[in-house]
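Here are the chains, one letter per residue:
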Amino acid sequence: MNIDNNALKDKETDEIVSVLIDHVAKSDEEVKREREEGRRTTELKVFVAENKGFDLGTLNEEIQALAKSENASKHVQNFITEHNFSEERLNKEVSYVEIHTPNYERTDQFIFLNGSEYLKVLTAERRDWTKKTVENLLKYLPGIDRLFLSSSDLREIVDDLPKTTISGFTAKYHSYHTDKRVTIQFHGGSKKELEKVEEEFGARATRLEFDQANSPSAAIHSSVDQKGYYKFTYVREGSEEKGRETLRQIFQDYEEHDRKHFEVEFTPGKIPVKSGFTIEGFTTLQLLDEEKDAEEEKAPSEKLRDEILDRKRRYEFSEWEQGNYLVFDKDHNEPFEITVEGRDLAVHAKPATTSVTLRDFCNIILEDFNSTYGFEKASNSLRV
Amino acid sequence: MDGEWERQKREIDSYNIFFSAIKGEVTGQGLLKHGYRIVGRFLDIPDSYNEVEASPDFVLFDGETLVMVEVKSGENISTRDKEQMKECGQLGIEAAQNYLSDTDIQSKGYDPNGLRYIQPCIIYYEDFIEECKTFDGCEDALAELKEYAAVLTQDKGSALQLEGGNIVSQDLDDVLSDGIPLPQLPDKNVYLTEGIEKESLAVSICYDCVQNNMGKGRLTVSETDIMEYYSNREIPIDRISDVLKFLDDVGACRETDDGQYEFTTGHMRNIVGIEQNFEENLVDDWLEGEAESQKSLSDF
């Protein structure tokens, strides 16, 4: 797909998004043919990230600052040297971005859509390329943090959309309890089969594929992925408006679920009052182990210390007492605290802790420690 | 001096255990759930009519009852404990209402005139109270204390529980008689002890002040900055300068040419691990040791 940036200049945001959706509009015959031939087709991909300080129109300055930064890793430096970046403003909330890779003579095209707290990147480039280009850019840009959703979030998002049927999924299981690792990709798998996989293997969905009907037949085929990633495989010709609605709803749902888990509404910051001070409130994110009978040879708290806190270079930590870790995240320069109760973890925000630190920690825990945790946040004001 | 840091830690833990009893987020139950919120810590509430000034560790309010809480971690019931509770109990409703009117609790929807009861509470560690009951002198002191305040016990993984004494509000009496469950591991919101010993000050500087201000990857502070940061505690400047010197000694920061102290992410391992230094030596031991080694060098 070729984005004609000149044609999109000064257009309304809705119009720009429509043009992109039109690219994945296909006739029934096209869909059928593509399916039979197993051809790779144009798909619209969306990456969603929390935005805490990146402004549209400043991409080049940000990249230059990153290149000069003393903290930039070798990966970051190589990424910047091996690519060229250009950004053109299309309107107040949309930029057209090109990432050029001279070694492969490639130019990848992206639409950056900036809301008040979240940035969305839309593209039709192939995933192998987006991983090398824009997904790295999102990882390295300061102030940008890709979303991370739980498997129950994915289920809720799909269930909340009208007339959906699950039509495939990826589910994973791994845990510090065991050497067993499971990854199941089920094409054409239904909700029933997903539940079976959850039950049998303790696996949790990391991606859900689903069809959406616009009577009578399936009009939209798309998928939601744990890592703030959404993909339109196709929208049947004539259902483009439905596609736009779905995308709007997806954006809203991704943001809502993200806030529900990771937004730090209250911190235990001190507020001076008269001779003393009061405490603003607290935010605690609990990671609850939903796995039933697992055998332990080592306490979960020791496993957490040895396998995550000790191993990840971004964390410095100390153990106040067994199972109570005071942690500093050097990637975000923020502290937080962990208390381990049985197999559950409670992550407590400190005055300077923000959503990015909590989100990244949960991502690491689900990916590298135990895929069976669910999230539950408590956040309250404590002052009268 | 073996065990001095352990003693401080037990005191620090006692405040944090009580703090968990307010929040209740891990156990699903807490004073917050019963409508109590924090008016403040280190408040001095004067009552010129009754000629008292109440200064409890925590003041909580639910719109009707003002709870004045003193948290203890020591191994005795002192006359001061009794005096503190006596003063809290003597505080007049009107004086307390006047005090509350001057705070901004009205903007949060609380009416100072709704205040009905003033409830002094004193909290001890559970194991201490158990032991206390086996000594006549201690048991007598405990009985006397119960005339002035509700005596509560607490411990990690146990409950905040009424031990004895009168609770004026029936609702609060019910809640505390049943006991509020406490987590096995309370999170840390307080690092400073009442006596602000140098070790606890060092830990508080590292965890409260430095780690929450590292946004730019570095923080430079002077002795006066630290003094201002703890403005409600009146910490002697000598103590602050000793602690900053100690932090420099153990590689948690670097003294700059103009006498300030710079903390960077490069120091973070030592900042986070500051407490480990106290397993063997206290701050003064470190500073003396440093002075000794300098002296022996200059002797050559």
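About the cut-offs
Residues numbered from 1 in each chain as written. Chains lettered and ligands numbered in written order. Predicted model: local features only at pLDDT ≥ 70, side-chain atom pairs only at ≥ 80, totals over all residues. Heavy atoms only, no water. Helix = DSSP H or I, 4+ residues; strand = E, 2+ residues; numbered from the N terminus. Rg over C-alpha atoms; globule rule 2.2 N^0.38 Å. Buried < 20%, exposed > 50% of the residue type's maximum accessible area, 1.4 Å probe, protein only. Lys, Arg positive; Asp, Glu negative; His and termini not counted. Charge placed at Lys NZ, Arg CZ, Asp CG, Glu CD. Contact = heavy atoms within 4.5 Å. Salt bridge = Lys/Arg side-chain N within 4 Å of Asp/Glu carboxyl O. Pairing = 2+ DSSP bridges. Disulfide = S-S within 2.5 Å. Buried area = accessible area lost by both parts, 1.4 Å probe. pLDDT = per-residue confidence, 0-100.

Looking only at helices and strands, chain A features 12 helices and 20 strands. For chain A, the C-alpha radius of gyration of 22 Å lies close to 21 Å, the compact-globule estimate for 384 residues. For chain A, the spread of C-alpha atoms along the principal axes amounts to about 65 × 50 × 45 Å. Burial status across chain A gives 59% buried among its 384 residues. Here chain A contributes 56 positive and 78 negative side-chain charges, whose respective centroids are spaced 1 Å apart.

The subject of this paragraph is the side chain of Ser371 of chain A. All names here are of chain A. Within the fold, Ser371 resides in the loop between α12 (355-368) and β20 (373-381). We classify Ser371 as buried; its relative accessible area is 7%. Every residue in contact with Ser371, bar those within four places of it in the chain, is listed here: Lys172, Tyr173, His174, Arg204 and Leu366.

Moving on: the pattern of salt bridges. Summed over all chains, the structure comprises 57 salt bridges over all chains. Residues Glu135 of chain A and Arg146 of chain A are paired through a salt bridge, measuring 3.1 Å at the closest nitrogen-oxygen approach. One end of the pair, Glu135 of chain A, is in helix α7 (residues 134-140); the other, Arg146 of chain A, is in strand β7 (residues 144-146), and 11 residues separate them in sequence. For Arg146 of chain A, a relative accessible area of 18% gives the class buried. Two residues, Lys23 of chain B and Asp187 of chain B, come together in a salt bridge whose shortest N-O distance is 2.7 Å.

Take the pairing of strand β19 (residues 344-349) of chain A next. All names here are of chain A. Judged by how many residues are buried, β19 sits mostly within the fold: 5 of 6 residues are covered. As paired strands, strand β15 (residues 281-289) and β19 are joined by 4 bridges and run antiparallel to one another. For Leu287, the partnering residue across the bridge sits in β19 and is Leu345. Where strand β18 (residues 334-341) lies against β19, 6 bridges are found, and the strand directions are antiparallel. Paired with Phe336 across the two strands is Ala349, which belongs to β19. Remark: 2 residues form the turn of the hairpin made by β18 and β19, two consecutive strands paired antiparallel; Gly342 in that turn has positive phi of roughly 65°.

Turning our attention to the state of the cysteines. Residues and elements named next belong to chain B. Counted according to the given criterion, the structure contains 1 disulfide over all chains. Residue Cys132 pairs covalently with Cys138 via a disulfide, S to S 2.1 Å. Judged by the sign of its S-S torsion, about -110°, the bond between Cys132 and Cys138 is left-handed. Taken individually, Cys132 and Cys138 each receive the classification buried, so the pair is uniform in this respect. The cysteine Cys88 is free of any disulfide, with Cys121 supplying the nearest cysteine sulfur at 9.4 Å.

Turning next to unusual backbone geometry. Residue and element names in this part refer to chain A. Non-glycine residue Glu105 carries a positive phi angle of around 45°. Structurally, the position occupied by Glu105 is in the loop between β4 (94-101) and β5 (106-114). For Glu105, a relative accessible area of 71% puts it in the exposed group. If you check the backbone angles, Asn333 has positive phi at about 55° while not being a glycine. Following the sequence through the fold, Asn333 ends up in the loop between β17 (324-329) and β18. A relative accessible area of 13% means that Asn333 is categorised as buried.

Okay, the pairing of strand β2 (residues 44-51) of chain A next. Residue and element names in this part refer to chain A. Burial runs high along β2: 8 of the 8 residues are buried. Residues Leu44, Val46, Val48 and Glu50 line one face of β2 and the alternating positions Lys45, Phe47, Ala49 and Asn51 line the opposite face, and both faces are buried. In this structure, β2 lies alongside strand β12 (residues 229-236), joined through 4 bridges in antiparallel fashion. Bridging from a neighbouring strand, Val46 pairs with Tyr230 of β12. Where β2 lies against strand β6 (residues 118-123), 6 bridges are found, and the strand directions are antiparallel.

A few words now on the interface of chain A and chain B. Each partner contributes residues to the interface: chain A has 43 residues there, and chain B has 53 residues. Summing the contributions of chain A and of chain B, the shared interface buries around 4,000 Å²; its carbon and sulfur component is 57%. Together, Trp320, Leu382 and Val384 of chain A form the three largest contributors to the area buried by chain A at its contact with chain B, with a combined 22%. Seen at the junction of chain A and chain B, the total is 5 salt bridges.

When pLDDT is averaged along chain A, the result is 92, and 97% of the positions lie at 70 or above. Least confident of the elements in chain A is helix α3 (residues 28-37) of chain A, whose mean pLDDT is 81; most confident is β17 of chain A, at 98.

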